[in-house]
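# Descriptive analysis of the structure
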Amino acid sequence: MPIDPTTLKGNWNYPTRIWFGPGRIAELPQGCASLGIKRPLVVTDPGLAKLPMIAEAVANAKTAGLGVAVFSDLRPNPVGKNVTDGVAAYKAGKHDGVVAFGGGSALDVGKSVAFMAGQTRPLWDFEDIGDNWARANADAIAPIIAVPTTSGTGSEVGRVSVVTQEENHTKRLIFHPKIQPSLVIADPALTLGLPKHITAATGMDAFAHNLEALCSPMFHPQADGIAVEGIRLVKEWLPVAVKDGSNLAARAYMMAASTMGATAFQKGLGAIHSLSHPVGAVYDTHHGLTNAVFMPYVLAFNRKAVEDKIAALARYIGLKDSSFTGFLDWVLALRQELSVPHTLKDLGVADDRIDMLAEMAAADPSAGTNPIPVGVKEHRTLLEMSFAGRLG
Ligand code: NAD
């Protein structure tokens with residue numbers, strides 16, 4: 001029976017308050033009122049700022065009497081300066097809350113602006129290492145509403161912002177429990193115009209989050225449950241969303257899969273991400289697409305540690321061949337169907353800085369929860385395999 005996408009709505013409270021469903025962006029003024037925000041700063045990217053969805057949301061907020069302004073001076077794979085500039089705009093406009101509106105880049109800058117608006121230390125002092133986060137003045141963090149317009153990063157429900165430190169081309173994970181937005185308005189209709197290649201790349205990001213969370217060796221059965229269902233949704237709906245972007249049910253299920261990925265990865269990530277962060281920071285490649293390139297190589301490398309888990313997953317998502325090899329073959333076929341490059345070279349990455357990338361990957365916080373311990377040597381091997389297109 002065909003699915004009526006208007007029924008795919010609900011108010012959820014896990015992992016944060018989520019108003020989910022097509023058309024729910026119209027409730028932005030009520031969202032602001034619920035958090036006592038009277039002068040929201042909408043943080044978005046320059047491309048989205050030109051689209052009617054931002055103009056409509058701003059007009060709706062103005063009609064409701066809110067003192068709204070837009071900040072959009074940020075780039076994909078955002079850098080520290082984008083946050084500094086956003087904080088300046090926030091203070092100059094005497095704002096009292098942030099509406100982070102866009103893909104992961106805009107969401108991460110918006111979350112960081114709200115976080116940094118009341119801090120005295122530099123952003124990098126809050127990198128996700130040990131209990132750095134406890135240095136922050138939590139009372140000074142401005143309220144955040146997140147409105148995702150891609151289905152991939154799940155940043156709308158996450159407790160980190162990913163920002164590149166310009167001086168050393170390093171992606172830093174800025175962590176604080178209160179950087180998680182207090183309200184998410186997850187309106188899948190906002191993704192109907194997302195181009196095919198971004199739909200594919202961001203969808204593979206959602207897949208990578210769920211998959212690495214499941215493979216992480218940490219004990220967290222709740223996260224495991226979310227991750228397997230997230231992967232099932234990706235299997236069923238990502239090819240549909242890429243083929244027919246106007247399919248609202250597919251858009252809704254992918255938006256759910258994306259929030260599920262970021263919910264599950266509280267359990268940890270792995271070498272897909274520890275490799276993808278330096279490659280994205282140095283070569284400015286798209287995060288989700290970079291994850292998609294690394295996925296089969298890391299999966300094959302981790303085989304010994306995850307074989308049983310992956311076979312159980314393959315049974316759950318209904319693969320005909322529910323062995324580890326069957327799952328790996330399906331990942332390769334999905335990548336091909338979505339036109340994901342097979343090698344790092346095909347992604348446009350040069351092979352002249354393998355040593356540097358391996359060192360950066362070994363230092364990335366995601367490396368710590370890969371199911372097989374990975375240091376510089378192992379990351380180097382994975383990089384070589386990913387350049388050569390070799391799975392074993
Ligand atoms: P993005 O935010 O960089 O957006 C990619 C492009 O899509 C932009 O040009 C944007 O204008 C366009 N776009 C976005 N929504 C659109 C829409 N509805 N219609 C038409 N165009 C649209 O891409 P992304 O993949 O969402 O985010 C990537 C960033 O997120 C990276 O910086 C990555 O490191 C970060 N990230 C963060 C987390 C986290 O937990 N905080 C997790 C994963 C990735």
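The structure we're discussing is the one just above.
The present account deals with the structure reproduced in this document. (Residues numbered from 1 in each chain as written. Predicted model: local features only at pLDDT ≥ 70, side-chain atom pairs only at ≥ 80, totals over all residues. Heavy atoms only, no water.)

## Some thoughts on the sheet that holds strand 9 (residues 183-186)
How we decide: What makes two strands pair is DSSP finding at least two bridges between them. Strands here mean DSSP runs of E at least two residues long; helices mean DSSP runs of H or I at least four residues long; both are numbered from the N terminus. Here the axes come from fitting lines to C-alpha atoms, over the contacting stretch only for helices, and the angles between their N-to-C directions go from 0 to 180 degrees. In what follows, residue pairs with any heavy atoms lying within 4.5 Å of each other are defined as contacts.
Judged by pairing direction, the sheet is mixed, and its seven strands sit side by side in the order 1-2-9-6-5-3-4 without closing on themselves. Either end of the sheet is taken by a strand with one partner, and the two such strands are strand 1 (10-12) and strand 4 (69-71). Between one strand axis and the next, the sheet turns by 20° as a mean value, whatever way the strands run. As defined by bridge partners, strand 3 (residues 40-43) adjoins strand 4 across three bridges and the pair is classed as parallel. Pairing of Leu41 across the sheet is with Ala69, part of strand 4. Strands in contact with helix 4 (residues 80-92) are strand 3, strand 4 and strand 5 (97-102); relative to strand 4, the strand with the most contacts, it is inclined by about 165°.

## Quick look at the packing of aromatic side chains
In plain terms, the rule: Between the rings of Phe, Tyr and Trp (Trp by its six-membered ring), a pair exists once the centres lie within 6.5 Å; its type follows the angle of the planes, with under 30 degrees stacked, over 60 edge-to-face, and the other angles tilted. Burial here depends on accessible area, computed with a 1.4 Å probe over protein chains only, as a share of the maximum for the residue type. Under 20% is buried, over 50% is exposed, and the range in between is partly exposed.
In this structure the tally under the stated criterion is seven aromatic pairs. Look at Phe207 and Trp330: their rings are 5.5 Å apart centre to centre, the planes differ by 45°, and that puts the pair in the tilted class. With Phe207 in helix 6 (residues 196-215) and Trp330 in helix 12 (residues 324-337), the pair connects residues that are 123 residues apart, well separated along the chain. The pair formed by Phe207 and Trp330 is uniform in burial state, with each residue classed as buried. Taking the centre distance of 4.8 Å and the plane angle of 15° together, the rings of Trp237 and Tyr253 count as stacked. One end of the pair, Trp237, is in helix 7 (residues 221-243); the other, Tyr253, is in helix 8 (residues 248-264), and 16 residues separate them in sequence. Looking at Trp237, the relative accessible area reads 11%, which means it is buried. Put simply, the rings of Phe207, Phe327 and Trp330 pair up and form one aromatic cluster.

That's the geometry; what it means functionally is another story.
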